[in-house]
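# Chains, contacts and geometry: an overview
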Amino acid sequence: MSMWWNIGSLLGLLLMLQIITGFFLSLHYTADMTNTFSSIVHIMRDVPGGWLFRATHANGASMFFFLMYLHIGRGLYYQSYSLQYRTWLVGVTIFLLSMATAFLGYVLPWGQMSYWGATVITNLLSAVPYLGDSLVTWVWGGFSVNQATLNRFYSMHFLLPFGISLFAMVHLLLLHERGSSNPLGNLNHVSKIVFHPYFTWKDIVGLLLMLLFMLLVVFFFPTVFTDPENFMEANPMVTPTHIQPEWYFLFAYAILRSIPSKLGGVVALVASVLYLYVFPLFSFFPAVHTSFVKVSQYIFWLFFVTFLLLTWLGACPVEEPYISLSQPLTGLFFFFPLLYVGMHALWAKVLV
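Residues numbered from 1 in each chain as written. Predicted model: local features only at pLDDT ≥ 70, side-chain atom pairs only at ≥ 80, totals over all residues. Heavy atoms only, no water.

What follows concerns the domain arrangement of the protein. The assigned domain composition of the protein is domain 1 (3-243) and domain 2 (250-351). Domain 1 and domain 2 are separated by 23 Å when their C-alpha centres are compared. If you look at the interface, domain 1 gives 29 residues, while domain 2 gives 34 residues. Summed over both partners, the interface of domain 1 with domain 2 buries about 2500 Å², with 73% contributed by carbon and sulfur atoms. (Domains from an automatic or database assignment. Contact = heavy atoms within 4.5 Å. Buried area = accessible area lost by both parts, 1.4 Å probe.)

Below, the discussion takes up the UniProt feature "binding site: heme b b566" (unreviewed entry) in the protein. Taking the UniProt record as the reference, the feature "binding site: heme b b566" (unreviewed entry) is found at H71 and H171. What stands out for the annotated residues spanning 101 residues is how close their C-alpha atoms remain, the widest pair being 13.3 Å apart. The annotated residues that sit in the lining of the largest pocket are H71 and H171. With respect to the helices and strands, H71 occurs in helix α3 (residues 50-77). Position of H171 among the secondary structure elements: in helix α8 (residues 147-178). With residues near it in sequence (within four places) discarded, H171 still touches H71, T87, V90, G91 and I94. A polar atom in the side chain of H171 sits 3.0 Å from the backbone oxygen of T87. (UniProt positions renumbered as here; feature names shortened; annotations may be inferred. 1 Å grid on protein atoms, 1.4 Å probe; cavity = no way out; pocket = protein on both sides within 12 Å on 5 of 7 lines; lining within 4 Å. Helix = DSSP H or I, 4+ residues; strand = E, 2+ residues; numbered from the N terminus. Polar contact = N/O pair within 3.5 Å; in protein donor to acceptor, adjacent residues only side chain to side chain.)

Looking along the chain, the bond that leaves E320 and enters P321 is cis, with omega of 0°. Take P321: it is sitting in the loop between α12 (294-314) and α13 (322-351). The backbone phi angle of W110 is positive, close to 60°, even though this residue is not glycine. Mapped onto the elements, W110 comes out in the loop between α5 (85-107) and α6 (112-123). A positive phi angle, near 70°, is found at Y130, a position not held by glycine. The residue Y130 is located in the loop between α6 and α7 (132-140) in this model.

Turning next to the pattern of salt bridges. All told, the structure shown has one salt bridge when counted by the stated rule. Among the salt bridges present, the one from R86 reaches E177, with a minimum N-O distance of 2.4 Å. Placement of the pair is R86 in helix α5 and E177 in helix α8, with a sequence separation of 91 residues. Given the relative accessible area of 40%, R86 is considered partly exposed. (Salt bridge = Lys/Arg side-chain N within 4 Å of Asp/Glu carboxyl O. Buried < 20%, exposed > 50% of the residue type's maximum accessible area, 1.4 Å probe, protein only.)

On to empty space enclosed by the protein, then. On inspection of all chains with the given rule, the structure shows two cavities of 30 Å³ or more. Of the voids in this model, the largest cavity is the one considered here, and its volume is about 40 Å³. Counting only elements with at least two residues in the lining of the largest cavity, the list comes to α12 and α13. Of the residues belonging to the lining of the largest cavity, the class tally is six nonpolar, no polar and no charged. Of the voids in this model, the second largest cavity is the one considered here, and its volume is about 30 Å³. In terms of lining, the second largest cavity is formed by A254, R257, L313, Y322, I323 and S326. Of all the secondary-structure elements, those providing two or more residues to the lining of the second largest cavity are α10 (250-258) and α13. Residue contributions to the lining of the second largest cavity peak at three residues, all from α13. (Points joined across faces, edges and corners; volume = space filled by probe spheres on them. Nonpolar A, V, L, I, M, F, W, Y, C, P; charged D, E, K, R; others polar.)

Put into structure tokens, the structure is as follows:
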């Protein structure tokens, strides 16, 4: 197994780091609209080591999603969804819970982008037919993002990581039923080697490299992933010029904006993540492993470039030509599963 199989253990360690740093931050955080922003300043300036915990927690979220996207990409490339479909389904659930946790956490600093990001994203529920407005009011706990919203977001942000930890343990249990996949797609136990010391040392090397990069960002570029608007306290009377989520949600945000219909955009936004659940269904078709199909590799890297372009477009203003550019890329993003799996099935028939 190559280094791409080390990412899972790194994600587990990062999850532990996020829970620990989050706990220490919660000791000094105040979920009160009038004092929330000041409590963040207090943590950064007055609490011993507070700046380190906050910078580690904030940048740890970015590192977590960066590694998770690599982990999912490896699973798609080497068809882990067909070799370990139950493990894949639990993994996608972890991804969804992580997205929810990250969104809730982004609101807690109560900066301008936090407030308006929460307002825009929760407002998407209003697109639900008949129940939309009631759902938005229920989530807000009022008629706008207010104290009740902040309280429930804080509570949920604190609880969800324990749910992620539970699913992570289930993920590991299911994984060890048949063992990890590999570049050859061979799950025969005869051809496997013991975990220690071979993969233990690989994991340690991966951990050291990850910590080195993390410390580099925390010590020298702690605000590189922070939106400048979030250095200002939330003000309901002043709307930022360009509202956007964190970088790891930008691909979905670009898909949302590319569709003129509000309901259609929300459906596409949800589908852009939920469609990962569909991949195990394709395991019923006869297929050849990606390692042996050159065309499938090209299709995968085309999808990778599409993902990067959508991420870039999500950070661009809502104007031409960015909207027109994102529309064909959205179509390509959703067409990828059929193209990718169809190519594998075609090659299987040709070889037979």
